[in-house]
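Below, each chain spelled out in residue letters.
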Amino acid sequence: MTSRPGGAPGEVTGDVLDACLRLLGSVQPGEMRVCETTRLASLGAVTYADTASTGSDVLAVRPEHEGATVSVPFVAREREKATLDGLLADVQERRSPRLVTLLGEPGIGKSRLISEFRVSAETSGPVRCLIGRTPRFGWNAPLTALAGVVKAYCGISHADTTGIAVQKLSSAVHDLVGDTDTAAWLLSHLRPLAGLQDDVRGPAAVDEAFQAWRRFLEEVSARGPLVVVMEDLQSADDTLLNFVEDLDEQLGPVPLLVIATARPELLRRRPSWGSGKHDVTTITVGPLPPDATRRLLASLLVRHGLCDKPLDSPEQHDDSGFYQDLIERVGGNPLYATEHVRMLRNELVPGRELAVPALTISCAGPRASAERSVRLPQSVYNIIAARLDTLSRVEKSVLQNAAVFDRVVWADPVTEISGLARDEVAEYLKYLEQRGFLVRTRQRSGHGEFKYEFRHSLVRDVAYSQLPKATRADKHQRCTRWLAEAGGGAGLLDHHRGRAAHHAETAQPRTGSS
């Protein structure tokens, strides 16, 4: 993107735009076309028609569903599940509502944990689980997630006509409340909430809709223990966040467990989320430990036909370093593990199934091998890049400067690379740790400050790869100067010298014939 002086509109150019324009030239009225990479990346959510190689026609967009997470093996989450089981038992015994928040980065296994908990809860007793999801994209009505819960209880599917859906809702409400006036009041708010009639009410009516939804939950949970799951709450607007956070205090004595799943960004918007309340619990779903990651990878490799049997134990020999390399790449993230194994399957057994989009990016190094690039699934890159985009320009710049220097970083070298004040850099590094990009080590700098390392090696690689080559060359040169003055290790110094020379050379425009 090129900005113009005087406040004139900027100009956007590049390969992506050129590809879109080529696709646009082949689209007929009423058609929608996507490139091959987009088609492959969205096959789980979109149905495509077979077309020429110029693009794909979209037939339908399938709604999000929890079934997509069940295929991932359930590994090393028994402790978190036991906590949820205990909270549900407490809710049933005391007949008192409780809010639980599951926090974790994308792909870490929040939905898989919910799926396992749900099956266990519904098979072990008279417990009902209802799930609502906050849309990740598009216009976000404050009541969208609540509508999903109502539809789930009433058995309303996307295939139902409006008439059938209204009939199901009316029957469920009248079955819950015997009073005709109360039923009519509930239906007047639940019909627009569920999208079964146009909602022409003003914003002030949202409060009354919330009252109706609370009454609906009370009536359902009064008949038996109820679990309500609100997924992706980090995408919710403030109206819904306020409602969910205070829900346990607004309900009567009923056995209701509300579970909200969210990414760490929720705490950036609401640092005090759930604090100071008696019946509120927060569970952080962290990365799998290395042994559990090894077991997960072994199971996935067997499932996809890439090895005959799983490892007998984590201590089994790995002479080639294959497992260790994969463990480092996926960083304890089950989704990353699944996507990497799928990528390996398609590269080692071509043509067996539809290809998994992958790309090669520059790795930050230094690595044991001399390779300057790393290959990773497109879906994993997209998730990491989207997380990086939640940072401000300065925050992302500090993280990228840290990525250039080394796996372990602290304020002094990052200050040299960034040109910012040292105290500023120290605060930014602390903030990046709070956001889950970095993790504190036991090492300390000469000033007694903690040193940090990247929580995930691929986060470092993606952050590094987004820097232009000329910028990388300059930053590696700054690292070289700082290390020479500070008496840094010879290996790291040689790495930065080599990278500075390499990127300076490759950043130069080529002339002449090839």
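These numbers come from a predicted model, not from an experiment. (Residues numbered from 1 in each chain as written. Predicted model: local features only at pLDDT ≥ 70, side-chain atom pairs only at ≥ 80, totals over all residues. Heavy atoms only, no water.)

Draft legend 1. Broad picture of the overall build of the protein chain. Per the secondary structure count, the protein chain includes 21 helices and 13 strands. About 25,800 Å² of surface is accessible on the protein chain, with carbon and sulfur atoms providing 51% of the total. (Helix = DSSP H or I, 4+ residues; strand = E, 2+ residues; numbered from the N terminus. Areas by Shrake-Rupley, 256 points an atom, 1.4 Å probe, with all protein chains shown as cover.)

Draft legend 2. Structural detail: the pattern of salt bridges. For the structure shown, the criterion picks out 27 salt bridges. Across the pair R94 and D90 runs a salt bridge whose closest N-O atoms are separated by 3.0 Å. Here R94 pairs with D90, and both are found in helix α3 (residues 78-94), just four residues apart, close to one helical turn. By relative accessible area, D90 is classed as partly exposed at 24%. The residue K396 makes a salt bridge to D389 at a minimum N-O spacing of 3.3 Å. Under the relative-accessibility criterion, D389 is labelled exposed at 54%. One salt-bridge network, held together by shared partners, links D90, R94, R98 and D279. (Salt bridge = Lys/Arg side-chain N within 4 Å of Asp/Glu carboxyl O. Buried < 20%, exposed > 50% of the residue type's maximum accessible area, 1.4 Å probe, protein only.)

Draft legend 3. Layout of a nonpolar patch on the surface. A grouping of L17, L21 and L24 is seen on the molecular surface, where their side chains present a nonpolar patch of about 290 Å² in accessible area. If you trace the backbone, L24 turns up in helix α1 (residues 15-24). Residue class for L24 comes out exposed when judged on its relative accessible area of 58%. (Patch = residues over 30% accessible without salt bridge, like charges linked within 9 Å, V, L, I, M, F, W, Y side chains within 5 Å.)

Draft legend 4. Structural detail: the confidence of the model for the protein chain. Looking at the protein chain as a whole, its pLDDT mean stands at 85, while 83% of the residues score no less than 70. Looking across the protein chain, the model is least confident in strand β3 (residues 56-61), with a mean pLDDT of 58, and most confident in helix α16 (residues 393-405), with 97. (pLDDT = per-residue confidence, 0-100.)

Draft legend 5. Region of interest: the layout of surface pockets. Taken as a whole, the second largest pocket spans an internal volume of roughly 520 Å³. Of all elements in the fold, only α12 (290-303), α13 (322-330), β13 (450-454) and α19 (457-465) reach the threshold of two or more residues within the lining of the second largest pocket. Residue classes in the lining of the second largest pocket are distributed as eight nonpolar, seven polar and eight charged. (1 Å grid on protein atoms, 1.4 Å probe; cavity = no way out; pocket = protein on both sides within 12 Å on 5 of 7 lines; lining within 4 Å. Points joined across faces, edges and corners; volume = space filled by probe spheres on them. Nonpolar A, V, L, I, M, F, W, Y, C, P; charged D, E, K, R; others polar.)

Draft legend 6. Quick look at the packing of helix α7 (residues 180-193) against helix α8 (residues 205-222). Put simply, α7 and α8 touch, their axes get as near as 9 Å, and they point 115° apart. Here α7 lies roughly perpendicular to α8, going by the angle between them. The hand of the α7/α8 crossing is left-handed. Taken together, the residues of α8 that come into contact with α7 (itself represented by T182, W185, L186, H189, L190 and L193) are E208, A209, Q211, A212, W213, R215 and F216. Here the residues of the contact of α7 with α8 are counted per class, giving eight nonpolar, three polar and two charged. (Axes fitted to C-alpha atoms, helices over the stretch in contact; angles between N-to-C directions. Parallel < 35°, antiparallel > 145°, perpendicular 65-115°, else oblique. Left-handed = near helix turned anticlockwise from the far one by under 90°. Contact = heavy atoms within 4.5 Å.)

Draft legend 7. Representation of the side chain of R387 within the structure. Mapped onto the elements of the fold, R387 is located in helix α15 (residues 378-388). The side chain of R387 sits in the buried core without any salt bridge; E105 is the nearest counter-charge, 4.2 Å away. In this structure, R387 is in contact with E105, P106, E265, R435, G436 and F437, ignoring residues within four places of it in sequence. (Lys, Arg positive; Asp, Glu negative; His and termini not counted.)

Draft legend 8. Representation of α19 in the model. Burial within α19 is extensive, with nine of its nine residues counted as buried. Where α19 is concerned, the buried positions are S457, L458, V459, R460, D461, V462, A463, Y464 and S465.

Draft legend 9. Quick peek at the packing of aromatic side chains. Enumeration according to the criterion identifies six aromatic pairs in this entry. Pairing F210 with F243 gives two aromatic rings, centres 4.2 Å apart and planes at 10°, and the pair type is stacked. Taken together, the residues F210 in helix α8 and F243 in helix α9 (residues 238-245) connect sequence positions 33 residues apart. The residues F210 and F243 share a single accessibility class, namely buried. Look at W213 and F243: their rings are 5.5 Å apart centre to centre, the planes differ by 65°, and that puts the pair in the edge-to-face class. Here F243 lies in helix α9 and W213 lies in helix α8, a separation of 30 residues in the sequence. A relative accessible area of 1% means that W213 is categorised as buried. (Phe/Tyr/Trp six-rings, centres within 6.5 Å; stacked < 30°, edge-to-face > 60°.)

Draft legend 10. Main features of the side chain of K277. Within the secondary structure, K277 is located in the loop between α11 (265-269) and β8 (280-284). Among the polar contacts made by the side chain of K277, one reaches the side chain of E249 at a distance of 3.0 Å. Those residues in contact with K277 that lie beyond four places of it in its chain are E245, D246 and E249. (Polar contact = N/O pair within 3.5 Å; in protein donor to acceptor, adjacent residues only side chain to side chain.)

Draft legend 11. Focus on the sheet that holds β13. An order of β11-β13-β12 is seen for the three strands of this open sheet, with the pairing classed as antiparallel. Across the chains shown, the open sheet's two edge strands, defined by having one partner strand only, are β11 (408-409) and β12 (438-444). Across four bridges, β12 lies against β13 in antiparallel orientation. Across the sheet, R444 pairs through a bridge with F450, a residue of β13. Against the sheet, helix α18 (residues 422-434) contacts β11, β12 and β13, and its axis sits at roughly 125° relative to β12. (Pairing = 2+ DSSP bridges.)

Draft legend 12. Fine view of helix α6 (residues 162-176). Here α6 is 15 residues long and its end C-alpha atoms lie 21 Å apart, about the 21 Å a rise of 1.5 Å per residue gives. Within α6, the full set of buried residues consists of A165, L169, A172, V173 and L176. For α6, the arc enclosing every buried residue in end-on projection is 95°, short of the 170-degree limit, so these residues lie on one face. Residues G163 and Q167 are exposed on α6 and point more than 90 degrees away from its buried face. The inward-facing, buried residues of α6 abut α5 (144-154), α7 and α8. (Expected span 1.5 Å × (residues − 1). Arc of directions from axis to C-beta.)

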